[in-house]
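Descriptive structure summary
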Amino acid sequence: MDLTFTAAEEEFRSELRSWLSANIPDEWRRPGFWESLPDDESFRLRRDWERDKALAGFAGIQWPTEFGGRGGTPGMKAIYDVEMVLADAPRTVNPLGLTFLAPTVMAIGTDAQKKEIIGPMLRNEVIWCQGFSEPGAGSDLAALSTRGVRDGDDFVVNGQKVWTTNAVHGDKIFTLVRTEPGSQKHRGISMLLIDMHQPGVDARPLKQMSGASEFGEVFFDDARVPATDVLGEIGEGWRTAMLLLSFERGASGISQYTEFRRQYDEIAAVAKKLGRDTDPVVRNKLARVLTELECLRLHSMHVLTRTERGRDLGFEASMTKLQWSEAFQDLWEVYDEVLGEDDTLEELGDLDLRPLNAQAMWSRSVTIWGGSSQVQRNVTAERVLGLPR
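Identification of the protein as Acyl-CoA dehydrogenase family protein from Pseudonocardia yuanmonensis is taken from an unreviewed UniProt entry. Turning to the protein, the UniProt record has this under Cofactor (unreviewed entry): "FAD".

Here is the structure:
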């Protein structure tokens, strides 16, 4: 494991810090600022800011320069992730497109797709959603039923997707559709790139218990998609999806650790202010979750070291997802323990608990999306440890 960064990477850190310091308004760093904004206004501010960041050269850190990226190292990408958290930078509005779709297009997209998709995505001119989950196909993605019927040069799509991040703000959606009549399971699926502003596409928000509407559901009613907007081969959508999801494997978890460690300090401060820091049960639980977080940090640096050496993590990526999601959930269960019977209050004395409460409620979701903990354990057991199905 290598815990150091090169001189060039540290120079990049200094350059990035200077830009973030000069370009993030002080009010954005105020606790609760983003939670106080309507969803649409928050999205607009983040979209504009991220576009400016891309134009300044601080986006696509590890992307090849030919695609508008910086051509940086995995270490630079890790530094970028950490410094964005430390600077209280806004969350990206295009996470699924930037993380998954762009590198997939770079790898297997046509020349026209590379030209039309990558640059506009990097500058946030086009916001992308991911349409995988359906009401009857969550963890069992191969059970999807949304269908696309060939009609001349187009596919006509009918069906429904659910739990779609940024559905109401999306301009386009990359989605899995069954395009071969009578096909089952993994066969006969294609990945289509669909314009969400056309007739026949209806995106509706889903209200979360935190009050936000980050997710939505998308309905297709005779939506038309040119056959040229298939990513990969027709009928090979499952293979394309597996390639797309593999790009998460380079993520080391270092940004999650950095964010969670700051949240831990906030929770510990609340415990001290409420006089719960002397409770031996609370102290024990705080110590336990801090140990989990430090294990996550070391695991993250291990993963970063491997990716810097060109190693493919393969199915070991499931271990990272499992580790960070459960550490995050355990952290916010300690927060609930600290507050006790005051857990539902928005304010407690001079403490504004709304930002912390929003994180606590959000934490319940992380062991479900992106592959549930049950699925990640099965993958780790079968594909990493070699245990029988």
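For the protein, the helix and strand inventory stands at 11 helices and 10 strands. Relative to its length of 389 residues, the protein is compact, with a C-alpha radius of gyration of 22 Å against a globular reference of 21 Å. Expressed as lengths along the three principal axes of its C-alpha atoms, the size of the protein is roughly 70 × 50 × 50 Å. A burial count over the protein gives 48% of its 389 residues as buried. Relative to all contacts within the protein whose residues are 6 or more apart in sequence, the contacts with residues 24 or more apart total 72%. Total accessible area on the protein is roughly 19,100 Å²; 51% of this is exposed by carbon and sulfur atoms. Charge-centre separation for the protein: the mean point of 45 positive side chains lies 4 Å from the mean point of 61 negative side chains.

Looking now at the nonpolar core. Buried together is how nonpolar side chains tend to be arranged in soluble globular proteins. By size, the foremost hydrophobic cluster in this structure holds 31 residues, and its most contacted members are Leu-101, Trp-128, Phe-132, Phe-174, Leu-176 and Met-191. Mapped by element, the contributors of at least two residues to this core are α4 (95-108), α5 (111-122), β4 (172-178), β5 (189-195) and α6 (237-246). Looking at which element gives the most residues to this core, the answer is α4, with 7 residues.

Before going further, it helps to spend a moment on the UniProt feature "domain: Acyl-CoA dehydrogenase/oxidase N-terminal" (unreviewed entry) in the protein. Taking the UniProt record as the reference, the feature "domain: Acyl-CoA dehydrogenase/oxidase N-terminal" (unreviewed entry) is found at residues 7-125. Span residues 7-125 is 61% helix and 0% strand, its end C-alpha atoms 34 Å apart.

On the surface, Met-319, Val-384, Leu-385 and Leu-387 cluster together into a nonpolar patch covering about 330 Å² of accessible area. In this fold, Leu-385 is placed in the segment after α11 (373-384).

Between side chains of opposite charge, pairing is possible as soon as their charged atoms come close. One pass over the full model with this rule turns up 27 salt bridges. The partner of Asp-48 in a salt bridge is Arg-51, with the nearest N and O atoms 3.5 Å apart. Taken together, the positions of Asp-48 and Arg-51, both in helix α2 (residues 39-55) and 3 residues apart, correspond to about one turn of that helix. Note that Glu-292 is salt-bridged to Arg-288, the shortest N-O span being 3.2 Å.

The next subject is the pairing of strand β2 (residues 147-151). In the sheet, β2 pairs with strand β3 (residues 154-165) via 5 bridges, with the strands oriented antiparallel. Counterpart to Asp-151 in the pairing with β3 is Asp-154. Counting the residues between successive antiparallel strands, the hairpin from β2 to β3 contains 2 residues, one of them, Gly-152, with a positive phi of roughly 65 degrees.

Let us look at the packing of aromatic side chains. By the definition in use, this model includes 13 aromatic pairs. Each ring, one from Phe-215 and one from Trp-362, has its centre 6.3 Å from the other, and the planes form 25 degrees; the classification is stacked. Of the two residues, Phe-215 is situated in strand β7 (residues 215-226) and Trp-362 in helix α10 (residues 354-362); the sequence distance between them amounts to 147 residues. Measuring from ring centre to ring centre gives 5.2 Å for Trp-332 and Tyr-335, while their planes differ by 70 degrees; the resulting arrangement is edge-to-face. Separated by 3 residues within a single helix, Trp-332 and Tyr-335 lie in helix α9 (residues 317-339), roughly one turn from each other. Judged by relative accessible area, Trp-332 falls into the buried class, the value being 1%. Clustering of aromatic rings is evident, with ring pairs tying together Phe-260, Trp-324, Phe-328, Trp-332 and Tyr-335. A cation sits over an aromatic face here: Arg-13 above Phe-5, 5.3 Å from the ring centre. Directly above the ring of Trp-324 sits Lys-321, whose terminal nitrogen or CZ lies 5.6 Å from the centroid.

What follows concerns helix α7 (residues 254-273). Between its first and last C-alpha, α7 extends 29 Å over 20 residues, near the 28 Å set by a 1.5 Å rise per residue. Summarising the contacts, the buried residues of α7 are in contact with α3 (74-86), α8 (280-308), α9, β10 (351-352) and α10. Looking one or two residues past α7, Gly-275 carries a phi angle of roughly 75 degrees, positive in sign.

Across the 7 residues that make up β4, a large majority, 6, are buried. Here 4 bridges tie strand β1 (residues 128-131) to β4, and the two strands are oriented parallel to one another. What sits directly across from Trp-128, in β4, is Lys-172. Strand direction decides the pairing type here: β4 and β5, joined by 7 bridges, are antiparallel. Paired with Leu-176 across the strands is Met-191, a residue of β5.

Reading guide: rules and limits
Residues numbered from 1 in each chain as written. Predicted model: local features only at pLDDT ≥ 70, side-chain atom pairs only at ≥ 80, totals over all residues. Heavy atoms only, no water. UniProt positions renumbered as here; feature names shortened; annotations may be inferred. Helix = DSSP H or I, 4+ residues; strand = E, 2+ residues; numbered from the N terminus. Rg over C-alpha atoms; globule rule 2.2 N^0.38 Å. Buried < 20%, exposed > 50% of the residue type's maximum accessible area, 1.4 Å probe, protein only. Contact = heavy atoms within 4.5 Å. Areas by Shrake-Rupley, 256 points an atom, 1.4 Å probe, with all protein chains shown as cover. Lys, Arg positive; Asp, Glu negative; His and termini not counted. Charge placed at Lys NZ, Arg CZ, Asp CG, Glu CD. Core = buried A, V, L, I, M, F, W, Y, C linked by side-chain atoms within 4.5 Å. Patch = residues over 30% accessible without salt bridge, like charges linked within 9 Å, V, L, I, M, F, W, Y side chains within 5 Å. Salt bridge = Lys/Arg side-chain N within 4 Å of Asp/Glu carboxyl O. Pairing = 2+ DSSP bridges. Phe/Tyr/Trp six-rings, centres within 6.5 Å; stacked < 30°, edge-to-face > 60°. Lys NZ or Arg CZ within 6 Å of the ring centre and 35° of its normal. Expected span 1.5 Å × (residues − 1).

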